[in-house]
Amino acid sequence: MSMEQERGIESSIIECAGVCKSFKTPEGEHQVIKDFNLQAKENEFLVLFGPGQCGKTTMINLIAGFEKVSGGSLKFMGKEITKPDPSRGVVFQSTALFPWMTTMGNVEYGLKMAGVKKEERQKRAQNYIDLVGLQGFEKSYPVQLSGGMRQRVGIARAYCNEPKVMLMDEPFGALDAQTRYLMQEELQRIWEAEKRTVIFVTNNIEEALYLADRILVLTNCPATVKKEYIIDLPRPRNLVSPEFLALRKEITGIMDSTL
Ligand SMILES: Nc1ncnc2c1ncn2[C@@H]1O[C@H](COP(=O)(O)OP(=O)(O)OP(=O)(O)O)[C@@H](O)[C@H]1O
Ligand SMILES: [Mg+2]
């Protein structure tokens, strides 16, 4: 192991080599992930772009540590992932907030569990509540918030644990188109303000191109990486620039040919 690896500052924070995942079903083995290779670099915004039901959530669950790989190697900062860890925060499609807790209660929850004192954790939670634009809603309960606002609480809550990696599984998939655009802008602003490694799953090409440093296009189930695109368009991205539209057309073509 090199000194850099020992200090945990090698450039790839997540390394996934030849990962396979199968589930046992009454009909037999169901292979969902096949020979999957991925390297996420520090502070990179990596998008996994794949068709419906291809195994995207399974991949997020493996990286989060909710599920174990059936084969291959999956490492976080040089160590095999065996269980969930607060250093890998997760935001789901419909974020499961605690309905009996306020925005503040939900956001500070992780720090409370970690034993951080009230004054300190509320100060840190407030910082992230402000960052996601929810100031004034600290005392609101989830039922009093819109879908977009609830996702903001979920993002603030994940950020508040100061994870090294943010795993986002179609976090805006349940939102209406207008709110979705707004949230994409917000997320890109938040990411610029507080850089993190983000692994973001979507099946929306515009969203992928708007956010990504790099896009991995996945095949149908069992999922594997079909193609990689490095997206070096300047941010914030113009959704109707010729470069954006050309990439959109090309990647959509690749995706269609995987179906
Ligand atoms: N625990 C499990 N047991 C058995 N099969 C599973 C399990 N989890 C997922 N699968 C199967 O794996 C396949 C991929 O599921 P997964 O949820 O990972 O796909 P996805 O790309 O996230 O889908 P979606 O686009 O709907 O979000 C599906 O066929 C699903 O039924
Ligand atoms: Mg999914």
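Residues numbered from 1 in each chain as written. Chains lettered and ligands numbered in written order. Predicted model: local features only at pLDDT ≥ 70, side-chain atom pairs only at ≥ 80, totals over all residues. Heavy atoms only, no water.

## Observations regarding the layout of surface pockets
Cut-off, in case you're wondering: Points on a 1 Å grid over protein atoms alone make up a cavity when a 1.4 Å probe fits among them but cannot get out, and a pocket when they form an open set with protein on both sides within 12 Å along at least five of seven lines; lining residues each have an atom within 4 Å of a point. Grid points are joined across faces, edges and corners, and a volume is the space filled by probe spheres set on the points. Counting from the N terminus, the helices are DSSP H or I runs at least four residues long and the strands are E runs at least two residues long. All residues other than Ala, Val, Leu, Ile, Met, Phe, Trp, Tyr, Cys, Pro, Asp, Glu, Lys and Arg, Gly among them, are scored as polar; the first ten of these are nonpolar and the last four charged.
The calculated volume of the largest pocket comes to roughly 380 Å³. Lining the largest pocket are 18 residues, with P86, R88, G89, V90 and N161 sitting closest to its centre. At the level of secondary structure, the elements contributing two or more residues to the lining of the largest pocket comprise β6 (88–91), α3 (103–113) and α5 (147–160). In the lining of the largest pocket, the residues fall into 10 nonpolar, four polar and four charged.

## Let's talk about the state of the cysteines
Under the convention used in this document: For this text, the term disulfide refers to a pair of cysteine sulfurs within 2.5 Å. Burial status follows relative accessibility: with a 1.4 Å probe on protein chains alone, a residue under 20% of its type maximum counts as buried, one over 50% as exposed, and anything between as partly exposed.
Under the counting rule described, the total for this entry stands at zero disulfides. A disulfide-free cysteine, C20 has its sulfur positioned 9.5 Å from the sulfur of C16, the nearest such atom. Of the residues examined, C20 reaches a relative accessible area of 21% and is grouped as partly exposed.

## Some details on the site of ligand 1
Our working definition: Nearness here has a simple test: a residue counts as near a molecule or strand if at least one of its heavy atoms is within 4 Å of that partner. Throughout this description, a polar contact denotes any pair of N or O atoms lying within 3.5 Å of each other; where both atoms belong to protein, one of them has to be capable of donating a hydrogen while the other can accept it, and for residues adjacent in sequence the pair is counted only when both atoms sit in side chains. In these tables, accessible area is a Shrake-Rupley quantity obtained with a 1.4 Å probe, and a residue counts as shielded only by the protein chains included in the view.
Neighbouring ligand 1 are the residues F23, H30, V32, G52, Q53, C54, G55, K56, T57, T58 and E170. G55 has a polar backbone atom sitting 3.0 Å from an oxygen atom of ligand 1. With respect to ligand 1, the side chain of T57 contributes an N or O atom lying 2.8 Å from an oxygen atom. Relative to its unbound accessible surface of 640 Å², ligand 1 loses 66% to contact with the protein. Looking at the shell around ligand 1, the elements with two or more residues in it are β2 (28–41) and α2 (56–64). No other element matches α2, which puts three residues into the shell around ligand 1. Per-class residue counts for the shell around ligand 1 are three nonpolar, six polar and two charged.

## Describing the sheet that holds strand β1 (residues 12–25)
The following threshold applies: Here, strands pair whenever DSSP counts at least two bridges between them.
Here four strands make up an open sheet; going across it, the order is β2-β1-β4-β5 and the pairing antiparallel. The open sheet is flanked by β2 and β5 (79–80), the only strands paired with a single partner. Note: β1 against β2, 10 bridges, orientation antiparallel. By the bridge assignment, T25 is partnered in β2 with G28.

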